[in-house]
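Structure assessment
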Amino acid sequence: MMPLYMRNLLKEPPHLLKNFHYEDVLSFLELGSEERFLRGETIVNEHDRVQTAYLVGEGKVGVWKDEIQLAILDEGSFIGETFLFSKQNRMAKVVCEENAILLSFQRYDVLNYFRRRPEKLFNIFTKNIIEIQQKKIENMNVQLLNLKKRLLGN
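Throughout what follows, the structure given in this document is the object of discussion. Every chain is numbered on its own, with residues counted from 1 as its sequence reads. In keeping with the model being predicted, local features are shown solely for residues with a pLDDT of at least 70 and side-chain atom pairs are shown and tallied solely at 80 or more, while totals for entire chains, interfaces and linings include all residues. To get the side-chain values, take all heavy atoms of the structure and skip hydrogens and water.

1. Quick look at the packing of helix 2 (residues 22-31) against helix 3 (residues 107-115)
For the pair helix 2 and helix 3, the least separation of the axes is 10 Å and the interaxial angle reads 155 degrees. In terms of axis orientation, helix 2 runs roughly antiparallel to helix 3. Read as a crossing pair, helix 2 and helix 3 show a hand that is right-handed. Of the residues in helix 3, those in contact with Asp24, Ser27, Phe28 and Leu31 of helix 2 are Asp109, Val110, Tyr113 and Phe114. Of the residues assigned to the contact of helix 2 with helix 3, the class counts are five nonpolar, one polar and two charged. The axes used here are C-alpha line fits, helices contributing only the stretch in contact, and every angle between their N-to-C directions lies in the interval 0 to 180 degrees. Helix and strand labels come from DSSP, where a helix needs a run of H or I of at least four residues and a strand needs a run of E of at least two; each type is numbered from the N terminus. Should an angle lie under 35 degrees it is considered roughly parallel, over 145 roughly antiparallel, and from 65 to 115 roughly perpendicular; all remaining angles are considered oblique. By definition, turning the near helix anticlockwise from the far helix through less than a right angle yields a left-handed crossing, and turning it clockwise yields a right-handed one. Two residues form a contact once any of their heavy atoms are found within 4.5 Å. Lys, Arg, Asp and Glu make up the charged group, whereas Ala, Val, Leu, Ile, Met, Phe, Trp, Tyr, Cys and Pro make up the nonpolar group; the residues left over, Gly among them, are polar.

Below you can see the structure in the form of structure tokens.
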């Protein structure tokens, strides 16, 4: 039987899989390997090579840089969604904030998945990545603006 978190991800697909048909969402999710983490465990270390992306199926994870928490990600959030295009090192550390189940996706498996699908699906996937990155930039700009206002006493 399919785990509850998988049923929830199928019911409300993550933004990265927005505009995928149900069957494509299911087959993409099935590429992932389930990994369980306990609260406080490190999922990703800063400066690790990017080979894998993670989808939070259940629980919450925190993104940390220089001992400062940058974000909390919950169900449906991807970690490292640019892994197909970037072979850079990780920019932050990701720590489990509460017990969590993540699906890990290997670059090679995802590339093979898209090679066997219509090109349109990969184009949708790429567009979704751009939207996610744009939203992250918008959020960072808001945080920066708020920080500047506090520092200037506005």
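2. Let's talk about helix 4 (residues 119-152)
Along its 34 residues, helix 4 runs 49 Å from first to last C-alpha, staying within 8% of the 50 Å computed at 1.5 Å per residue. For helix 4, the full list of buried residues reads Leu121, Ile124, Phe125, Asn128, Ile129 and Ile132. Residues of helix 4 that are buried in the fold lie against helix 2 and helix 3. Among the residues trailing helix 4, Gly153 stands out with phi positive, at a value near 75 degrees. Multiply 1.5 Å by the residue count of a helix minus one, and that product is the helix's expected span. Here's how the labels work: a residue is buried when its accessible area is under 20% of the maximum for its type, exposed when over 50%, partly exposed in between, all with a 1.4 Å probe on protein chains only.

3. A few points about the environment of Phe125
In this structure, Phe125 sits in helix 4. Taking relative accessible area as the criterion, Phe125 reaches 0% and is therefore assigned buried. Separated by 50 residues in sequence, Phe125 and Glu75 place their C-alpha atoms 19 Å apart. The residues contacting Phe125, other than those within four sequence positions of it, are Leu16, Leu17, Phe20, Phe28, Leu84 and Phe114.

4. Digging into the sheet that holds strand 7 (residues 93-96)
An order of 2-7-4-5 is seen for the four strands of this open sheet, with the pairing classed as antiparallel. Two strands close off the open sheet at either side, each with one partner strand: strand 2 (42-44) and strand 5 (68-73). Between one strand axis and the next, the sheet turns by 30 degrees as a mean value, whatever way the strands run. Pairing between strands is defined by DSSP: at least two bridges between them are needed. Here strand 2 pairs with strand 7 via two bridges, running antiparallel. Residue Val44 lies in a different strand from strand 7, and its bridge partner there is Val94.

5. Re the pattern of salt bridges
Any Lys or Arg side-chain nitrogen located within 4 Å of an Asp or Glu carboxyl oxygen qualifies as a salt bridge. All told, the structure shown has seven salt bridges when counted by the stated rule. Lys18 is paired through a salt bridge with Glu131; the nearest N and O atoms lie 2.8 Å apart. Residue Lys18 is found in the loop between helix 1 (4-11) and helix 2, and its partner Glu131 is found in helix 4; the two are separated by 113 residues along the sequence. A salt bridge links Asp74 to Lys60, with the nearest nitrogen and oxygen atoms 4.0 Å apart. One end of the pair, Asp74, is in the loop between strand 5 and strand 6 (78-79); the other, Lys60, is in the loop between strand 3 (52-58) and strand 4 (61-65), and 14 residues separate them in sequence.

6. What to know about the packing of aromatic side chains
In summary, the pairing rule links any two rings of Phe, Tyr or Trp, Trp by its six-membered ring, whose centres are within 6.5 Å, and it sorts them by plane angle into stacked for under 30 degrees, edge-to-face for over 60 and tilted for everything else. For the coordinates displayed, the defined rule picks out 10 aromatic pairs. Pairing Phe28 with Tyr113 gives two aromatic rings, centres 5.5 Å apart and planes at 80 degrees, and the pair type is edge-to-face. In this pair, Phe28 is assigned in helix 2 and Tyr113 in helix 3, connecting sequence segments 85 residues apart. Note on accessibility: Phe28 and Tyr113 belong to one class, buried. Each member of the aromatic cluster is reached from another via a ring pair, and the members are Phe20, Phe28, Phe78, Phe105, Tyr113, Phe114, Phe122 and Phe125.

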